[in-house]
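One-letter residues, chain by chain:
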Amino acid sequence: MTVKWRDTELMLLVAKGLDRAVDGIALQVVGHAKNNIERNGQVDTGFMVNSGYVVGQGVNTYAPANVEDKRALSPQSAPENGAVAGFAAEYSLINETKKPFLWTAVEQTAAQAPGIVAKEIKL
């Protein structure tokens, strides 16, 4: 029996799977955060909850309703092999310090991360 080790192809599959997994984790964080905002009673006009976004390797959900809106902050670019999950409403930080919604979402997602990674890395 002969085994041909194709390390380049394997590493490409793993890298693509990790990018998808990181994007999936970030999307899950924003989803949990939106639910937490509603559960915390932090919805007034709906601007903050709807300003959640993810910028990753294969996803960019940042879509401002009005680019002239001074309450919306520009998203970060995604770091190499990473993703950014955030809220563009500038007062999100104030709300986060009063009743955490994003940090809580990170904690909620941490338990789900291994499953997200396993789903995306299919060898």
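Residues numbered from 1 in each chain as written. Predicted model: local features only at pLDDT ≥ 70, side-chain atom pairs only at ≥ 80, totals over all residues. Heavy atoms only, no water.

The next subject is the overall build of the protein. Scanning the protein from N- to C-terminus turns up five helices and two strands. The helix and strand sequence of the protein, counted from the amino end, reads α-α-β-β-α-α-α. Burial status across the protein gives 32% buried among its 123 residues. Working note: accessible area of the protein is about 8,100 Å², and carbon and sulfur atoms make up 56% of it. (Helix = DSSP H or I, 4+ residues; strand = E, 2+ residues; numbered from the N terminus. Buried < 20%, exposed > 50% of the residue type's maximum accessible area, 1.4 Å probe, protein only. Areas by Shrake-Rupley, 256 points an atom, 1.4 Å probe, with all protein chains shown as cover.)

With that out of the way, let us pick up the side chain of His32. For His32, the position within the fold is in helix α1 (residues 7-39). Reaching out from His32, the side chain makes a polar contact with the side chain of Gln112 at a distance of 2.9 Å. Non-local contacts of His32, meaning those with residues more than four positions away in its chain, are made with Ala105, Gln108, Thr109 and Gln112. (Polar contact = N/O pair within 3.5 Å; in protein donor to acceptor, adjacent residues only side chain to side chain. Contact = heavy atoms within 4.5 Å.)

A word on the pairing of strand β1 (residues 52-55). Of the two faces of β1, the one lined by Gly52 and Val54 and the one lined by Tyr53 and Val55 are each fully buried. The pairing of β1 with strand β2 (residues 84-87) spans four bridges and is antiparallel. Among the inter-strand pairings, Tyr53 is bridged to a residue of β2, identified as Gly86. (Pairing = 2+ DSSP bridges.)

On inspection of all chains with the given rule, the structure shows one salt bridge. Of the charged contacts in the structure, one is a salt bridge between Glu120 and Arg20, with a shortest N-O distance of 3.0 Å. Separated by 100 residues along the polypeptide, Glu120 in helix α5 (residues 113-120) and Arg20 in helix α1 bring together distant segments of the chain. (Salt bridge = Lys/Arg side-chain N within 4 Å of Asp/Glu carboxyl O.)

Here is a general trend for soluble globular proteins: nonpolar side chains tend to be buried in one another's company. Ala33, Ile37, Met48, Val54, Phe87 and Phe101 are the most contacted members of the largest nonpolar core, which totals 14 residues. Secondary structure elements with two or more residues in this core: α1 and α2 (47-50). When residues of this core are assigned to their parent elements, the largest contribution, five residues, is made by α1. Those residues in contact with Ile37 that lie beyond four places of it in its chain are Gln42, Val43, Met48, Val49, Phe87 and Phe101. (Core = buried A, V, L, I, M, F, W, Y, C linked by side-chain atoms within 4.5 Å.)

Time to look at unusual backbone geometry. Even without a glycine there, the phi angle at Asn81 is positive, about 60 degrees. Inspection of the secondary structure assignment puts Asn81 in the loop between β1 and β2.

Considering all chains together, one arrives at three aromatic pairs under this definition. Aromatic pair Phe47 and Tyr91: ring centres 6.3 Å apart, planes at 40 degrees, arrangement tilted. With Phe47 in helix α2 and Tyr91 in the loop between β2 and α3 (92-98), this pair connects stretches of sequence that are 44 residues apart. Among the residues examined, Tyr91 registers a relative accessible area of 25% and is labelled partly exposed. A centroid spacing of 5.3 Å and a plane angle of 85 degrees characterise the contact between Phe87 and Phe101, whose relative ring orientation is edge-to-face. Of the two residues, Phe87 sits in strand β2 while Phe101 sits in the loop between α3 and α4 (102-110), which places them 14 residues apart along the sequence. Here the two residues Phe87 and Phe101 agree in accessibility, since each one is buried. (Phe/Tyr/Trp six-rings, centres within 6.5 Å; stacked < 30°, edge-to-face > 60°.)

On to the confidence of the model for the protein. Residues with a pLDDT of 70 or more make up 88% of the protein, whose mean pLDDT is 86. Across the protein, element-level confidence peaks in α4 with a mean pLDDT of 97 and bottoms out in α1 with 89. (pLDDT = per-residue confidence, 0-100.)

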